[in-house]
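The primary structure of each chain is shown beneath.
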Amino acid sequence: MNKPKNMVELESAVVKFVGDSGDGMQLIGTLFADSCAYDGNDLTTFPDYPAEIRPPANTIAGVSGFQVYFGSKKILSFGEKLDVLVCLNPASLKANLKWAKKDTVIIVDSDEFTEQTLEKCGYTSNPLTDHSLKDRKLIQVPVTTIIKEKTSSLNFDNKTVLRSRNMLVLGLTLRLFNKKTSYVENYLSEKFASKPDIANLNKKILLEGYNYYDQLPVNQKFSFFVPPAKLEKGKYKNINGNIATAWGLLAAAERAHLNLFLGSYPITPATEILVELAKHKSLGARVMQAEDEIAGICSAIGASFAGAMAVTTTSGPGLSLKSEAMGLAVMTELPLVIVNVQRGGPSTGLPTKSEQADLLQALWGRNGEAPMLVMAADSPADCFYSAFMAAKLSLEHMTPCILLTDGSLGNGSELFKIPDVNTLPEIKPPLAKPNTDYKPYARNPETLARYWAIPGTEGLRHRIGGLEKENITGVVTTDPENHELMVKLRAEKVQRVANYIPEQEVFGEPEGDLLVVSWGGTKGVIRESVIEMQKEGKKVSHAHFKYIMPLPKNTEQVFSRFKKIIVCELNNGQFVVYLRAVLPQFKYYQANKIQSLPFFMDELKEKYYKVLED
Amino acid sequence: MSPIINSIERSNVELTKEDFVSGLPVKWCPGCGAHAILTAVENVFPKIGYKKENFVIVSGIGCSSRFPYYVNTYGFHGIHGRANAIATGVKVANPKLSVWIATGDGDSMAIGGNHFIHIIRRNVDVNILLFNNMIYGLTKGQYSPTTPMGAVTKTSPYGTIEHPFNTGELVLGAQGTFFARVPDNNVKLMTEVMFEAAKHDGTSVIEILQNCVIFNDKVHAHITSKETKDDYQLILKNGEPMIFGSKKNKGIRLKGTRLEVVTIGENGITEDDILVHDQYQQDPGIHLMLAKMSPPHFPVAMGVIRSAMYPTYDDLVEMQIDEAKKTSKIRNVNDLLNSGEVFEVK
Ligand SMILES: Cc1ncc(C[n+]2csc(CCOP(=O)(O)OP(=O)(O)O)c2C)c(N)n1
Ligand code: SF4
Ligand SMILES: [Mg+2]
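Quick caveat: nothing in here was measured; it's all calculated off a predicted structure.

Participant: Explain the domain arrangement of chain A to me, please; I cannot follow it from the model alone.
Facilitator: Where interface size is quoted, it is often the accessible area lost as the parts come together. All names here are of chain A. Each domain of chain A was delimited in the assignment, giving domain 1 (8–225), domain 2 (237–423) and domain 3 (512–613). Each of domain 1 and domain 3 has a C-alpha centre, and these two points are 37 Å apart. With six residues of domain 1 in contact, the opposing surface of domain 3 contributes nine residues. Summing both partners gives a buried area of about 590 Å² for domain 1 against domain 3, and 63% of it is carried by carbon and sulfur. Sorting the residues of domain 1 by area buried against domain 3 places Leu76, Glu80 and Trp99 first, and these three jointly supply 76% of that buried surface. Seen at the junction of domain 1 and domain 3, the total is zero salt bridges. When its residues are assigned to classes, the side of domain 1 that touches domain 3 shows three nonpolar, one polar and two charged.

Encoded structure:
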């Protein structure tokens, strides 16, 4: 391909495909992203689909979107302002114009802008003709007309050919970015291997879109190029956080030489983990779709007692239902991973939107004093490693562990460098030896973990449960001193995990004017905002926390080297409440957002500047 | 009793009652029906003959749920209502364990009702000992889902206005494959029934009419007392006619679509007219009618009412796993990570 004269080279670009629910936006978004990955770009993707299964056509409620952020640099967030917006109907334009910049290229299917569709989404005049977009880089493509014309000689009905409207705009978008269509063509050949005529039809429409570029007026021939990223050698997958979580858990079970047991009840946005694990029977995963969340966790506790690597997965409302049983896992000191894919709350809240509002529940939301490990994954691919570590720490320290992810991590994707599972750390739970003098609550002196005696093992019969037990012997007792001792031991056991996790890293200088503190799914955008601050010459660093309970041992030391600390969270202030409780000697500024939207760079930077000036 | 042969490893030494006594002081009230249940379990475990480490007892919360502490097996005392869910996890994680559940009428039919019907529906291979004292014992005498309508209890000073569950009807409604009923004062029958339950592949529910001497004394007496038991208990035996009564002359006959009590020797009725019990029948119709019989017009059916063969959940799990292991290309997690779309950077 000759380099087009007008080609603009970009370090990164954000493209969003939007249309009606049935328009196939998720598919072309994924194919576009995979084409970028194939070209060596780093990337993230973020789907944005309606909560309803079949919302009314052409309404705002029915808009389905898929955003791809790709570049030659390391892509950390899901991207904010769009470089290209591809709209297959007026409703999707209306819903997404707010994410466009002044110079965003907007591609629309002009055939879809009819009186009827405009009215359905509340346009009182046609934005394509009323001059409201006159300063925009608008490309009008009569998609239906082109397809009908180009396929008229073929033996297909209208319904069939128009199902591929998405392919036409995908072809054009690939051309805009000077990407080849070969990846998509291969995909189509494979996907429709048994229907070669459909494969060919789709390829034809894809290429018509690609070539339509040549017919565009000169002032609409926008052309971009995003060079490949300098990715480390190796194999990569474009993976979302839910799948990565499922795989991390499977990897942990393999490294622990245990069967994975999952007890789970479907709930958005966590269901996909259950769906994914249910596929992997060949890896020995025993997956039960329970009758409710309580049965999900209780069956997992039973499985853990019986010697499996036990997991339960859920989202906010389900976590509430599991609370009592989480206390049982604390009391019986059994390993258990509880994955909570956070969504907007309280109550049913905003099921399809993301938020970080379950942290305090994870830390303290149980009756009695029931401490457990709390971790938070920080990117889609990191869900793999976080899930692995949650399982490892839980198994080796005989304590339940909550892993917090969130809707955006769960559904969002990024490139994941495929590791060799055999190089991941081994997992060695403290198994009790057969025919020894077994005491259920005797502890490893270093970790304070009790020993795991698996039913069926000779000479280890014992009984445990939710009643307070005497330390070492495990005999039920209400002895006052023993209770105090046990409460403290359970807390200390969790605290000692700090000896087994990495120290807290600081991005940027280890000391300075402002430390930006965050946790969980906000890492990417906050890191980008800190990079910009540093570029602007400010002494700003970033500490992003994955280990929350316990905190890394050097946290206090890290905090003490900065003049100011700001804690950024997508909630009304929860991590900050925790930090004020455990490290009250510092003053914490806050940046909070509770709109079920990610942070935006500008609003973060504005906060940082305010704090710096304070 | 012929030995039970299945995938659970058997003991290679003869076991006795003493092998299963935990030695912990038993804290139920003197005269509580639970003591007899413990005796029956200590009788039957050695007879079942599995290695003693292969028994697991799981319970919820209630007087009944203290049970695991008193038996020397692997034991798990759970939380209120969740014994059936916990036990499901135990069995699915390790199907080579013999899993027993000790639970109460409140534990399994009020707070844990959902898990109770679902463990039965799935037909997980476990044995449920349901201590039905028709009251909340541990919390000192509130009515339960099986308390008879009108009963005065702490929380129903004017009499309950709730329709009680008939345990058997609930179990069969949930597609139960095994249901038996026994009075707490017949340890021999209880032991036999427990053995049958162990033999049955699937969820076996044994409803034990248990007396709570403190909060619901004699609630079952109209069925279980010396004076009433012969006329108000029909002890079912597979393949035998359903005959009962102090004079052994009463029987159950099918009249049209309903059961009726008849007297042998009266109105030309002979033994041939009496229904013969078929516990293995898949159709639950007669089993349901038997489970629902109650005084004053009928005796209460005791013994194994139903024991029908259906695949168990845990077997099906294992079968799917074995099949997947044989046929899937994904044999380890590395295979999985490298499956599907992979992009290589050279
Ligand atoms: C979540 C919860 N709710 C309530 C209780 C209080 N509670 C303990 S046992 C019980 C009822 C027990 O009745 P049942 O299951 O019939 O057992 P029984 O004591 O009669 O054997 C109740 C309400 C509890 N322990 N946990
Ligand atoms: S309160 Fe009733 S059920 Fe509980 S131990 Fe005493 S007699 Fe038994
Ligand atoms: Mg009771």
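Participant: So what exactly am I meant to see when it comes to the layout of surface pockets here?
Facilitator: Gaps left between atoms show up when a probe the size of a water molecule is rolled over them. All names here are of chain A. In this structure, the second largest pocket encloses a volume near 670 Å³. Around the second largest pocket, the lining comprises 25 residues; the ones closest to its centre are Ser12, Tyr69, Lys73, Glu532 and Met601. Listed by contribution, the elements that provide at least two residues to the lining of the second largest pocket are β2 (12–20), β6 (100–109), α17 (523–535) and α20 (601–613). With four residues, α17 is the single largest residue contributor to the lining of the second largest pocket. Two domains each provide a minimum of three residues to the lining of the second largest pocket, namely domain 1 (8–225) and domain 3 (512–613).

Participant: Any chance you could explain empty space enclosed by the protein here in plain terms?
Facilitator: Residue and element names in this part refer to chain B. The full count for this structure, using the stated rule, is three cavities of 30 Å³ or more. Each pocket or cavity is described by its volume, and for the largest cavity that value is around 70 Å³. Around the largest cavity sit Asn6, Ile8, Tyr50, Lys91, Leu97, Ser98, Val99, Asp125, Asn127, Ala197, Ala198 and His200, which together line it. Of all the secondary-structure elements, those providing two or more residues to the lining of the largest cavity are β3 (98–104) and α6 (187–199).

Participant: Can you walk me through the coordination of the magnesium ion (ligand 3) in this structure?
Facilitator: Residues and elements named next belong to chain B. At the metal site, the magnesium ion (ligand 3) is ligated by Asp105 (OD), Asn133 (OD1) and Ile135 (O), and these contacts range over 2.1 to 2.2 Å. One chain supplies every donor to the magnesium ion (ligand 3), and in sequence these donors are spaced D-x27-N-x1-I. Isoleucine 135 matches asparagine 133 in its accessibility class, with the two residues each being buried.

Participant: Sorry, what's going on with the site of ligand 1 here?
Facilitator: As a matter of local geometry, ligand 1 sits amid 17 residues, with Cys63, Ser64, Asp105, Asp107 and Gly137 of chain B nearest to it. Ligand 1 is flanked by residues contributed from chains A and B. Glycine 137 of chain B is positioned with one of its backbone polar atoms (N or O) 2.9 Å from an oxygen atom of ligand 1. In isolation ligand 1 exposes 590 Å². Once the protein is present, 77% of that is buried. Looking at the shell around ligand 1 element by element, the count peaks at four residues for helix α3 (residues 105–111) of chain B. Its residues assigned to classes, the shell around ligand 1 comprises six nonpolar, eight polar and three charged.

Participant: It is not clear to me how the interface of chain B and chain A should be interpreted in this structure. Could you clarify?
Facilitator: Taken together, the contacts link 59 residues of chain B with 69 residues of chain A. Taken together, the two surfaces of chain B and chain A that pack against each other cover about 5200 Å², and 63% of this comes from carbon and sulfur. Contact with chain A buries area across many residues of chain B, yet Tyr74, Leu337 and Phe343 of chain B alone supply 16% of it, more than any other trio. At the junction of chain B with chain A, the criterion picks out three salt bridges. With a shortest N-O distance of 2.9 Å, arginine 286 of chain A and glutamate 318 of chain B are connected by a salt bridge. For the interface between chain B and chain A, the tally reads 30 residue pairs in polar contact (both at pLDDT 80 or more). Listing elements by their share of the side of chain B that touches chain A, those giving two or more residues are β2 (74–77), α2 (83–93), α4 (113–122), α10 (313–327), α11 (333–337) and β12 (343–345) of chain B.

Participant: I keep staring at the environment of leucine 288 of chain B and nothing clicks. Help me out?
Facilitator: All names here are of chain B. For leucine 288, the location among the structural elements is in helix α9 (residues 285–292). The partly exposed category is assigned to leucine 288, whose relative accessible area is 31%. In this structure, the C-alpha to C-alpha distance between leucine 288 and arginine 306, residues 18 residues apart in sequence, is 8.9 Å. In contact with leucine 288, not counting residues within four places along its chain, are Glu169 and Leu172.

Participant: Please explain the site of ligand 2 as it appears in this structure.
Facilitator: With respect to spatial proximity, the complete set of residues near ligand 2 consists of Trp28, Cys29, Cys32, Cys63, Asn133, Gln210, Cys212, Val213, Ile214 and Phe215 of chain B. Here the residues of the shell around ligand 2 are counted per class, giving eight nonpolar, two polar and no charged.

Criteria and cut-off values
- Residues numbered from 1 in each chain as written.
- Chains lettered and ligands numbered in written order.
- Predicted model: local features only at pLDDT ≥ 70, side-chain atom pairs only at ≥ 80, totals over all residues.
- Heavy atoms only, no water.
- Domains from an automatic or database assignment.
- Contact = heavy atoms within 4.5 Å.
- Buried area = accessible area lost by both parts, 1.4 Å probe.
- Salt bridge = Lys/Arg side-chain N within 4 Å of Asp/Glu carboxyl O.
- Nonpolar A, V, L, I, M, F, W, Y, C, P; charged D, E, K, R; others polar.
- 1 Å grid on protein atoms, 1.4 Å probe; cavity = no way out; pocket = protein on both sides within 12 Å on 5 of 7 lines; lining within 4 Å.
- Points joined across faces, edges and corners; volume = space filled by probe spheres on them.
- Helix = DSSP H or I, 4+ residues; strand = E, 2+ residues; numbered from the N terminus.
- Donors = N, O, S within 2.8 Å, 3.2 Å for Na, K, Ca; no water.
- Buried < 20%, exposed > 50% of the residue type's maximum accessible area, 1.4 Å probe, protein only.
- Near = heavy atom within 4 Å.
- Polar contact = N/O pair within 3.5 Å; in protein donor to acceptor, adjacent residues only side chain to side chain.
- Areas by Shrake-Rupley, 256 points an atom, 1.4 Å probe, with all protein chains shown as cover.

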